[in-house]
Amino acid sequence: MSSTLAAAPGGLRFAEPMRTENVFELRESARRFADRLGEFTSWLIETVSDAAAVRDIAQRSYWHPNGFAKLVLSSAPDVKLRLHVWPAGEARLGESNPHSHRWQFASTVVVGSGLHMVEYAETASAGKAYERYRYGSDPGDPAALLADGPTRLVRVAAPHVHRGQIYSCDTDIVHTVAPISDDLTATLVVQGPQRTPTTVVYRSPGLGDDQPNGVVTESDVRALVGAVVDAA
């Protein structure tokens, strides 16, 4: 499976076929972006000069409640290209609830010191207590978290991913993500097709409801991409 990235209505292209059949291919695609960062940033500059492309990116992107933006640069059935941006000095929580994904992905740090990941596994008795939720299992509200019972998690790995390095994740990996420093941090994520109908999110017992995602404006897209380009 392969796809060539296109930034929808503007017709702008980063002419690089991306293979997304498995984690190895996703890693190779992310590596090509890391090795050709200058070409990628040039494509970003072109993209944000196109009003239609900026509008489309804003409409399919959002601010995560923990203080970073998920910019969906391009979206197709078999591949998405996302830019995750933590502005300097903002809340540095990353994705603090352990969670898995319905798709495989590979990412590379393009700006900043990098990310700290913690990977987890469920256990019967050791570790920390969590409440398990299913995401994507409510047909009426795909974004709802449905309670799926208590469990416990133990840490099984804690990789640090620095600028230019590649991190990949399969659908069975449960992890958290946080920036290493409070500087501007950005990662480029190559996401493969959806492989499972639901995924899991773990929350500490007694934790209140999740805050809603925030709206990304067209001005946000231009400002965030501009900051990444300047720092890359």
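The structure displayed is predicted, hence computed values, not measured ones.

**Student:** For this particular structure, what's the right way to read the sheet that holds strand β3 (residues 62-64)?
**Tutor:** In a beta sheet, neighbouring strands are held together by backbone hydrogen bonds and run either parallel or antiparallel to one another. The strand order across the open sheet formed by 7 strands is β12-β7-β14-β5-β4-β3-β16, and the pairing between neighbours is antiparallel. Looking at which strands have only one partner, the edges of the open sheet turn out to be β12 (166-169) and β16 (214-215). Bridging between strand β5 (residues 79-86) and strand β14 (residues 185-194) involves 7 bridges; their strand directions are antiparallel. What sits directly across from leucine 81, in β14, is valine 190.

**Student:** Help me understand the pairing of β5, please; the structure alone is not making it clear to me.
**Tutor:** Remember that side chains alternate between the two faces of the sheet whenever the strand is regular. Counting buried residues along β5, 7 of its 8 residues qualify, which places the element largely inside the surrounding structure. In this structure, strand β4 (residues 68-76) lies alongside β5, joined through 7 bridges in antiparallel fashion. Bridge pairing in β5 links lysine 70 to histidine 84. Connecting the antiparallel pair β4 and β5 is a turn made up of 2 residues.

**Student:** Explanation requested: the pairing of strand β13 (residues 174-179) in the structure shown.
**Tutor:** Burial analysis of β13 places 5 of its 6 residues in the buried class, the great majority of the element. The pairing of strand β8 (residues 114-123) with β13 spans 6 bridges and is classified as antiparallel. Note on β13: the bridge partner recorded for valine 118 is threonine 176.

**Student:** It is not clear to me how the environment of glutamate 122 should be interpreted in this structure. Could you clarify?
**Tutor:** Within the secondary structure layout, glutamate 122 lies in strand β8. On a C-alpha basis, the gap between glutamate 122 and valine 156 in space is 9.9 Å, while along the polypeptide they are 34 residues apart. If sequence neighbours within four positions are ignored, glutamate 122 has contacts with Arg132, Thr151, Arg152, Leu153 and Tyr202. Here the side chain of glutamate 122 touches threonine 151 through a polar contact of 3.1 Å, side chain to side chain.

**Student:** Looking at this structure, how should I read the environment of isoleucine 166?
**Tutor:** When you line up the elements, isoleucine 166 lands in strand β12. You can call isoleucine 166 buried: its relative accessible area is 13%. Expressed as a C-alpha distance, the spacing of isoleucine 166 and valine 109, which sit 57 residues apart in the sequence, is 7.4 Å. Sequence-distant contacts of isoleucine 166, defined by excluding residues within four places in its chain, comprise Arg27, Ala30, Arg31, Ala34, Ala106, Ser107, Thr108 and Val161.

**Student:** Would you mind showing me how to read the nonpolar core here?
**Tutor:** Most often, soluble globular proteins keep nonpolar side chains buried together rather than apart. Ranked by size, the top nonpolar core spans 31 residues in total, and within it Phe40, Leu71, Leu73 and Leu83 carry the most contacts. Those elements that place two or more of their residues in this core are α1 (23-35), α2 (37-48), α3 (51-59), β4, β5, β7 (103-111), β14 and α4 (218-231). Among the elements that make up this core, the one with the highest residue count is α4 (5 residues). Residues in contact with leucine 71, not counting those within four places in the same chain, are Ile57, Ser61, Leu81, Arg82, Leu83, Val85, Val216, Val221, Leu224 and Val225. Of all hydrophobic cores here, the second largest spans 12 residues; its members include Phe68, Trp86, Val109 and Val161.

**Student:** What am I meant to see in the packing of α3 against α4 here?
**Tutor:** Geometrically, a packed helix pair is captured by the angle between its two axes and the distance between the axes. Put simply, α3 and α4 touch, their axes get as near as 8 Å, and they point 100 degrees apart. Classified by the interaxial angle, the pair formed by α3 and α4 is roughly perpendicular. Residues Ala51, Val54, Arg55, Ile57 and Ala58 of α3 lie in contact with α4, whose contacting residues are Glu218, Val221 and Arg222. Here the residues of the contact of α3 with α4 sort into 5 nonpolar, no polar and 3 charged.

**Student:** Looking at this structure, I do not really get α4. What am I missing?
**Tutor:** The terminal C-alpha atoms of α4 lie 20 Å apart, and with 14 residues this matches the ideal 20 Å at 1.5 Å per residue to within 8%. Among the residues of α4, those classed as buried are Asp220, Val221, Leu224, Val225, Val228 and Val229. Seen end-on, α4 carries its buried residues on one side only, within an arc spanning 155 degrees. Those residues of α4 that are exposed and aimed more than 90 degrees away from the buried face are Ser219 and Asp230.

**Student:** Before we go on, may I ask you to explain the packing of aromatic side chains in this structure?
**Tutor:** Describing an aromatic ring pair means giving the distance of the ring centres and the angle of the ring planes. Tallied over the entire structure, the rule returns 5 aromatic pairs. Their ring planes at 50 degrees and their centres at 6.3 Å tell us that phenylalanine 105 and tyrosine 167 sit as a pair that is tilted. Of this pair, phenylalanine 105 sits in strand β7 while tyrosine 167 sits in strand β12, and the two are 62 residues apart along the sequence. Both rings, one in tyrosine 130 and one in tyrosine 202, keep their centres 6.4 Å apart while their planes meet at 80 degrees; by these two values the pair is edge-to-face.

Here is what the cut-offs are and how they apply
Residues numbered from 1 in each chain as written. Predicted model: local features only at pLDDT ≥ 70, side-chain atom pairs only at ≥ 80, totals over all residues. Heavy atoms only, no water. Pairing = 2+ DSSP bridges. Helix = DSSP H or I, 4+ residues; strand = E, 2+ residues; numbered from the N terminus. Buried < 20%, exposed > 50% of the residue type's maximum accessible area, 1.4 Å probe, protein only. Contact = heavy atoms within 4.5 Å. Polar contact = N/O pair within 3.5 Å; in protein donor to acceptor, adjacent residues only side chain to side chain. Core = buried A, V, L, I, M, F, W, Y, C linked by side-chain atoms within 4.5 Å. Axes fitted to C-alpha atoms, helices over the stretch in contact; angles between N-to-C directions. Parallel < 35°, antiparallel > 145°, perpendicular 65-115°, else oblique. Nonpolar A, V, L, I, M, F, W, Y, C, P; charged D, E, K, R; others polar. Expected span 1.5 Å × (residues − 1). Arc of directions from axis to C-beta. Phe/Tyr/Trp six-rings, centres within 6.5 Å; stacked < 30°, edge-to-face > 60°.

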